[in-house]
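# Summary of structural features
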Amino acid sequence: MSNSSITNRYQLAREQYAELGVDVDKAIAILSQIPVSLHCWQGDDVGGFERTGEALGNGLAVTGNYPGKATNPEQLRSDLDKVTSLLPGKHRLNLHACYGEFGGKKVDRDAVGVEHFQNWIDWAKQKGMGLDFNPTYFAHPLSDDGFTLSHKDDAVRKFWIEHGKRCREIGASMGSQLGSTTVTNFWIPDGYKDLPADRKAPRERLTASLDEIFTKQIDPAVHLDAVECKLFGIGSESYVVGSHEFYLGYAVTRQKVLCLDAGHFHPTEGIADKISSVMQWLPRILLHVSRGVRWDSDHVVILNDDLNQIAQELVRGEFVGRTHIGLDFFDASINRIAAWVIGTRAMIKALLIALLEPTDKLRQMENEGDFTGRLALLEELKTMPFGAVWDYHCEKMGVPAGLAWLEEVRSYERDVISKR
Ligand code: RNT
Ligand code: ZN
């Protein structure tokens, strides 16, 4: 599409939105300031660089064997450079502890330090990119029996507590070196496949372990702790220690960031409706935007109703400034760079669509009891020309509009990925 036709389509769209009282330029200005935290693990099927030969396990499963995944930090950074060059706006990178650079040495999880992440920090600094972080409580001999921070064995618990403490230090150093708050998110797999006789004791142990990990106060401008709840996993179908109620209570009493993963609830339960509820009690939330198909399958995020509703809630409730938007999906059956680009662009598009909503008008109808008008307008909005606004935004931000990004991914595949 030519530049002039993108601009013409945009001008027409702008008028159409103006008739509804929507200021398109303002929406774009807000959108360009919202960062999305890209999850490093889409690039290599949650592999990391520890080289222990340990299988993923702990309920995490990646299917597909598309050729050319990144197998070292340089390749992963090169892939991420490609991805970010195809996204409008400034975004962040979310690293897992197993993605440290250990120089061929065996560095166990209770020995990780910021030195193992300094290359990532330097790279991020050079790009003006913020970093987020995660301790890795899976794919390790001491998580093989399905328990970590709630383990009945003191020594195993101690090992994982040390990992958590060190990860907070690493996160804090990332935040202060980059001058941008790092969120360190705690997800643990702990749970039972079959019916437990004791649901209480592991939860008591998890509370105590978390409290110990979080003892040290860290400046919230530099670093924030998040905790991620889950209903069930493969191999933990009957009981997950860190359930929704557990972490909601934990986050509220400790004023931690609560992480809501879109795949971590009952299959028909969305997270959009939870946002304005938990925000009554929490200062901030983290989202793991994901797409479960029949289970927590972590499919690539697409522009569907679930995603649109999440974005609507963030915008309508004015929660954007209190929400850290992270992604959590992994698909090894298609080009991994394309998967990242499709999912992240879908997230940004959903935010744009939400920002282009005439919310005041809808609310006025609602308050007047005009539910007919509310439904009619909501339906009408679905055919508004947001695509024209999106293309214009991409072009203005210097990234490909429409499907033009795909050709760039294909040529990167030819020149780089296929040679791995
Ligand atoms: C697992 C959680 C968790 C992981 C990442 C890799 O069910 O969603 O967030 O996906 O930590
Ligand atoms: Zn998650």
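You'll find the structure just up there.
Now for a quick tour of the structure. (Residues numbered from 1 in each chain as written. Chains lettered and ligands numbered in written order. Predicted model: local features only at pLDDT ≥ 70, side-chain atom pairs only at ≥ 80, totals over all residues. Heavy atoms only, no water.)

## So, the coordination of the zinc ion (ligand 2)
Where we set the bar: Sodium, potassium and calcium take a 3.2 Å donor cutoff, other metals 2.8 Å, and in both cases only N, O and S atoms count; water is not among them, so sites may look incomplete. For four-coordinate sites, all angles between 85 and 135 degrees define a tetrahedron; for four- and six-coordinate sites, opposite donors beyond 155 degrees with the remaining angles between 65 and 115 define square planar and octahedral shapes respectively, and all other cases count as irregular. In this text, helices come from DSSP runs of H or I with a minimum length of four residues, and strands from runs of E with a minimum of two, each type numbered from the N-terminal end.
Protein coordination at the zinc ion (ligand 2): the donors are Glu228 (OE), Asp261 (OD), His288 (ND1) and Asp328 (OD), at 2.1 to 2.2 Å from the metal. Here the zinc ion (ligand 2) is ringed by six donor atoms whose angles at the metal span 71 to 169°, and the overall shape comes out octahedral. Here the donor residues of the zinc ion (ligand 2) share one chain and are spaced in sequence as E-x32-D-x26-H-x39-D. Here Asp328 lies in the loop between β10 (323-327) and α10 (336-355) and His288 lies in strand β9 (residues 285-289), a separation of 40 residues in the sequence.

## Digging into α10
In an α-helix, one turn spans 3.6 residues; hence positions three or four apart end up facing the same way. Keep this limit in mind: Given a helix with a known number of residues, its expected span is that number minus one, times 1.5 Å. Side-chain atoms alone can form a polar contact between residues adjacent in sequence; in general such a contact is a pair of N or O atoms within 3.5 Å, and within protein one must be able to donate a hydrogen while the other accepts it.
End to end, α10 covers 29 Å across 20 residues, agreeing with the expected 28 Å (1.5 Å per residue, within 8%). For α10, the side-chain oxygen to backbone nitrogen distance between the N-cap and Ile337 is 2.8 Å, and the N-cap itself is Asn335.

## As for the environment of Asp211
Definition in use: Three labels apply to residues, based on accessible area from a 1.4 Å probe with only protein chains included: buried if under 20% of the type maximum, exposed if over 50%, partly exposed otherwise in between. Note on contacts: a residue pair qualifies if any of its non-hydrogen atoms lie within 4.5 Å across the two residues.
Tracing the backbone through its elements, the reader meets Asp211 in helix α6 (residues 200-213). The class for Asp211 is partly exposed, based on a relative accessible area of 29%. Each C-alpha atom of the pair Asp211 and Glu162 lies 12 Å from the other, and the pair is 49 residues apart in sequence. Those residues in contact with Asp211 that lie beyond four places of it in its chain are Tyr250 and Arg254.

## Structural notes on the site of ligand 1
Here is the rule: Near, as used in this document, describes a residue that has one of its heavy atoms within 4 Å of the molecule or strand being considered. Areas reported as accessible are Shrake-Rupley estimates using a 1.4 Å probe. Residue values count occlusion only from the protein chains shown. Any residue that is not Ala, Val, Leu, Ile, Met, Phe, Trp, Tyr, Cys, Pro, Asp, Glu, Lys or Arg is counted as polar, Gly included; the first ten are nonpolar and the last four charged.
The environment of ligand 1 is formed by Trp41, Leu60, His96, Trp187, Glu228, Lys230, Asp261, His264, His288, Asp296, Asp328 and Phe330. One of the side-chain N or O atoms of His96 is found 2.7 Å from an oxygen atom in ligand 1. Note that an oxygen atom of ligand 1 is positioned 2.9 Å from one of the side-chain N or O atoms of His264. For ligand 1, whose accessible area on its own is 310 Å², the fraction buried by protein is 99%. Class assignment of the residues belonging to the shell around ligand 1 gives a composition of four nonpolar, three polar and five charged.

## Some thoughts on the pairing of strand β1 (residues 36-39)
In the case of a regular strand, side chains alternate between the two sheet surfaces. Test applied: Strand pairing is defined by DSSP finding a minimum of two bridges between the two strands. Clockwise travel from the first strand over the helix to the second, with the strands pointing away from the viewer, marks a crossover as right-handed.
The side-chain alternation of β1 yields two buried faces, one formed by Val36 and Leu38 and the other by Ser37 and His39. Bridge count between β1 and β10: two bridges; the pairing is parallel. Among the inter-strand pairings, Val36 is bridged to a residue of β10, identified as Ile325. Inspection of the sheet shows β1 paired to strand β2 (residues 92-96) by three bridges, in the parallel sense. The partner of Leu38 across the bridge, within β2, is Leu93. Of the crossover connections in this fold, the one passing from β1 over helix α3 (residues 73-84) to the parallel β2 is right-handed.

## Examining helix α7 (residues 244-254)
Cut-off, in case you're wondering: By construction, the arc corresponds to the directions joining the helix axis to the C-beta atoms.
Of the positions making up α7, those classed as buried are His244, Phe246, Tyr247, Tyr250 and Ala251. Projection of α7 onto a plane perpendicular to its axis shows the buried side chains occupying an angular sector of 160°, all on one side. Turned more than 90 degrees away from the buried face of α7 sit Glu245 and Thr253, all of them exposed. Where the residues of α7 are buried, they touch α6, β6 (223-228) and β8 (257-261). Among the residues trailing α7, Gln255 stands out with phi positive, at a value near 50°.

## Some points on the nonpolar core
Here is the rule: Only buried residues count toward a nonpolar core, which is a set of Ala, Val, Leu, Ile, Met, Phe, Trp, Tyr and Cys residues joined through side-chain atoms within 4.5 Å.
Ranked by internal contacts, the top residues of the largest apolar core, which has 125 residues, are Leu76, Leu93, Leu95, Trp120, Leu149, Tyr247 and Val389. With 13 residues, the single largest contributor to this core is α10. Residue contacts for Leu93: discarding those within four places in its chain leaves Ser37, Leu38, Cys40, Leu80, Trp120, Trp123, Met129, Gly130, Leu131 and Asp132. Ranked by size, the runner-up nonpolar core spans six residues in total, among them Leu224, Ala226, Cys259 and Leu286.

## Considerations on the packing of aromatic side chains
Using the following cut-off: The criterion for an aromatic pair is that two Phe, Tyr or Trp rings (for Trp, the six-membered ring) have centres within 6.5 Å, with stacked assigned to planes under 30 degrees apart, edge-to-face to planes over 60 apart and tilted to the rest. For a Lys NZ or an Arg CZ to count as sitting over a ring, it must be within 6 Å of the ring centre and within 35 degrees of the ring normal.
The full count for this structure, using the stated rule, is 14 aromatic pairs. With a centroid separation of 3.6 Å and an interplanar angle of 5°, the aromatic rings of Tyr10 and Tyr392 are classed as stacked. Of the two residues, Tyr10 is situated in helix α1 (residues 3-19) and Tyr392 in helix α13 (residues 386-396); the sequence distance between them amounts to 382 residues. The residues Tyr10 and Tyr392 share a single accessibility class, namely buried. Aromatic pair Phe49 and Tyr99: ring centres 5.4 Å apart, planes at 80°, arrangement edge-to-face. Placement of the pair is Phe49 in the loop between β1 and α3 and Tyr99 in the loop between β2 and α4 (118-127), with a sequence separation of 50 residues. Using a relative accessible area of 0% as the deciding quantity, one classes Tyr99 as buried. The lysine or arginine in question, Lys274, covers the ring of Phe265, its NZ or CZ lying 4.5 Å from the ring centre.

## Re the packing of helix α2 (residues 24-31) against α13
Between two packed helices, the angle of one axis relative to the other and the distance separating the axes together describe the packing. Basically, it comes down to this: Lines fitted to C-alpha atoms define the axes, with helix axes restricted to the stretch in contact, and inter-axis angles between N-to-C directions lie between 0 and 180 degrees. An angle below 35 degrees is read as roughly parallel, one above 145 as roughly antiparallel, one from 65 to 115 as roughly perpendicular, and any other as oblique. Two helices that cross are described as forming a left-handed crossing if the nearer one is turned anticlockwise from the farther one by less than a right angle, and a right-handed crossing if clockwise.
Look at α2 against α13: their axes get within 11 Å of each other, and the N-to-C directions meet at 55°. Judged by the inter-axis angle, α2 sits oblique to α13. The handedness of the crossing between α2 and α13 is right-handed. Contacts from Val24, Ile28 and Leu31 of α2 reach α13 at Val389, Tyr392 and His393. For the contact of α2 with α13, a count of residues per class yields five nonpolar, one polar and no charged.

Remember, this is a structural readout, not a statement about activity or role.
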